[in-house]
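Residue-level listing of the chains:
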Amino acid sequence: MGRFPSALLVLVVAMCCAVAMARVSNHDHHHEGREREKTFLLQDMKRVVRTDAGEMKVARSSKGWISDGPNIHVGFVTMEPNSLFIPQYLDSDLIIFLRRGEARVGSIYRDELIERRMKNGDVYRIPAGSTFYLVNTADSQRLQIICSVEKSDSIGWGTFQSFFIGGGSYPTSVLAGFERSTLSSALNVSESQVTEILTMQTSGPIISLSNSPSDSHQSRVWTQFLEMRHHERVQCLKRSAMHFEQEVTKEEEETIMRKLLNSVFGKEVTGNHVRSSSKKPHSYNLFNREPDFENDYGSSVTLDQSDYSPLKRSGVGLYLVNLKAGSMMAPHLNPTATEYGIVLRGSGRIQIVFPNGTLAMNAEVNEGDVFWIPRYFPFCQIASRNGPFEFFGFTTSSRRNRPQFLVGSNSVLQSMRGPAFAAAFGVSEERLKRIVNAQSESIILPSGSASE
């Protein structure tokens, strides 16, 4: 009888150890699941520009377990009313999607300044190395832009790099890196004049264009710039960005800036003449496009190089999906590209599956969240039952996307019905047929309760 308490004690200790190990195992499993989810949610947000007039943030690519992971970054530009993103160029292609507001975009195309007015839903491409600027033309509305930025591989920084043409002490113009004597000879002006124009700007990359009495001379100059005619704006662009002081005479200023404009833009501007081009870059409005697919449960729109030819040079496509409350984009895969998504409105869940048939991610996403889907990986998007779920994104191919749906009336299950497919599932052909035919909808499916 004396041994019984000891044996009971050993049994209790063993059971406690087993429970503790199970809890540790569950905790580790939960931790691993959360780490996997981080792989597909781009939460590494870096603020690359911030001033009183606006900011730019970039969701940087995940460095997860996939060796050939995302190859583009997703950028977010916010600009206050009447503000300017000063002239610069990037070492990466930029695909702009104007989510909210109105803007004027100026960029250089074949040595010519091209300006475009943009509104909600417009898409516009700015090639790598092309000098450009952005202006929020609205008086009372913030400008919100989402853009795709290819990862830079020119120097190995791991992200894109801005090269500011206009600038002073903040931001620094790329021209400031040259020796003063070099610029003095190149522009045929004195070194003191070169120093003057390269040290005055201090307002940052995004500046206000407000007309309040306390505003800087630079802000007033840019306000006048917006009111000029096109040929006058071409001549004034560099002069305004460089922020000259009044000590420089108008004649000296025009001479210096014409030379600087010619050297930077590679063009000759004389008098009122600006060279024209027969094929100028244009924008495309995604919101005005008819849906590629639409039913009672939602709609989807895609944009590729056949619709908007500038995408061909960047190799990037776009899409926009609207799901009604509780509906689902059927499980599918993209055989041609990796996808990046940004939640524009509402909330939902993203489910991604590993090649071995295990769940890679089942995460709730909300407005502003950024996610990515590797090429070939099966996935689906499910709207919450509280309201619609809208998301927009980019794909790493500008060719027409032909996703393969795994479920629905147009799915692989429907196309491959037969004895061989039934045998693969270990069921009879008749039973497989009943299961497959139970869903009469395709692509965007109703909620579970509606299906029942």
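Residues numbered from 1 in each chain as written. Predicted model: local features only at pLDDT ≥ 70, side-chain atom pairs only at ≥ 80, totals over all residues. Heavy atoms only, no water.

Enquirer: I'd like a description of helix 2 (residues 180-187), backed by residues and values.
Expert: Buried within helix 2 are the following residues: Leu183, Ser184 and Leu187. Seen end-on, helix 2 carries its buried residues on one side only, within an arc spanning 105°. Exposed side of helix 2, more than 90 degrees from the buried face: Ser185 and Ala186 are the residues found there. Just downstream of helix 2, asparagine 188 is the residue with a positive phi angle, here 60°. (Buried < 20%, exposed > 50% of the residue type's maximum accessible area, 1.4 Å probe, protein only. Helix = DSSP H or I, 4+ residues; strand = E, 2+ residues; numbered from the N terminus. Arc of directions from axis to C-beta.)

Enquirer: Describe the sheet that holds strand 5 (residues 94-100), with residues and values.
Expert: Strand pairing within a sheet occurs via backbone hydrogen bonds; the two strands may be parallel or antiparallel. The sheet built from 7 strands is open, its strands ordered 1-2-3-10-5-8-13 with antiparallel pairing. Lying at the two open borders of the sheet, with one neighbouring strand each, are strand 1 (45-51) and strand 13 (284-285). By the bridge criterion, 2 bridges tie strand 8 (residues 122-126) to strand 13 in an arrangement that is antiparallel. Paired with valine 123 across the strands is tyrosine 284, a residue of strand 13. (Pairing = 2+ DSSP bridges.)

Enquirer: Requested: an account of the nonpolar core, with residues and values cited.
Expert: Formed by 85 residues in total, the largest nonpolar core has its most connected members in Phe85, Ile146, Ile352, Phe392 and Phe394. Residues contacting phenylalanine 392, with those up to four places away along its chain left out, are Phe97, Ile146, Leu286, Leu318, Tyr319, Leu320, Tyr340, Gly341, Ile342 and Leu344. Residues Leu183, Val189, Val194 and Leu198 belong to the second largest nonpolar core, which totals 7 residues. (Core = buried A, V, L, I, M, F, W, Y, C linked by side-chain atoms within 4.5 Å. Contact = heavy atoms within 4.5 Å.)

Enquirer: Which residues make up unusual backbone geometry, and what values do they have?
Expert: Its identity as a non-glycine residue notwithstanding, asparagine 188 has a phi of 60°, on the positive side. In this structure, asparagine 188 sits in the loop between helix 2 and helix 3 (191-197). Look at asparagine 188 and you get exposed, because its relative accessible area is 60%. Despite not being glycine, tyrosine 376 shows a phi value in the positive range, around 80°.

Enquirer: Provide a residue-level description of the packing of aromatic side chains, including the pertinent values.
Expert: This structure, assessed with the given rule, holds 11 aromatic pairs. Considering the side-chain rings of phenylalanine 40 and tryptophan 372, the 5.7 Å spacing of their centres and the 40° angle between planes classify their relative orientation as tilted. With phenylalanine 40 in helix 1 (residues 3-40) and tryptophan 372 in strand 21 (residues 370-373), this residue pair connects regions lying 332 residues apart in the sequence. Across the pair, exposure class does not vary: phenylalanine 40 and tryptophan 372 are buried alike. The interplanar angle of 85° and the centroid separation of 5.8 Å between the aromatic rings of phenylalanine 97 and phenylalanine 287 together place this pair among those described as edge-to-face. Taken as a pair, phenylalanine 97 in strand 5 and phenylalanine 287 in the loop between strand 13 and strand 14 (293-295) lie far apart in primary sequence, 190 residues in all. Among the aromatic residues, those joined into a cluster by ring pairs are Phe97, Phe287, Phe392 and Phe394. (Phe/Tyr/Trp six-rings, centres within 6.5 Å; stacked < 30°, edge-to-face > 60°.)

Enquirer: Please set out a positive patch on the surface residue by residue, giving values where relevant.
Expert: Among the surface-exposed residues, Arg110, Lys312, Arg313 and Arg399 lie close enough to one another that they form a single positively charged patch. Assignment of secondary structure puts arginine 399 in the loop between strand 23 (389-395) and strand 24 (404-405). The exposure class assigned to arginine 399 is exposed, which follows from its relative accessible area of 61%. (Patch = residues over 30% accessible without salt bridge, like charges linked within 9 Å, V, L, I, M, F, W, Y side chains within 5 Å. Areas by Shrake-Rupley, 256 points an atom, 1.4 Å probe, with all protein chains shown as cover. Salt bridge = Lys/Arg side-chain N within 4 Å of Asp/Glu carboxyl O. Lys, Arg positive; Asp, Glu negative; His and termini not counted. Charge placed at Lys NZ, Arg CZ, Asp CG, Glu CD.)

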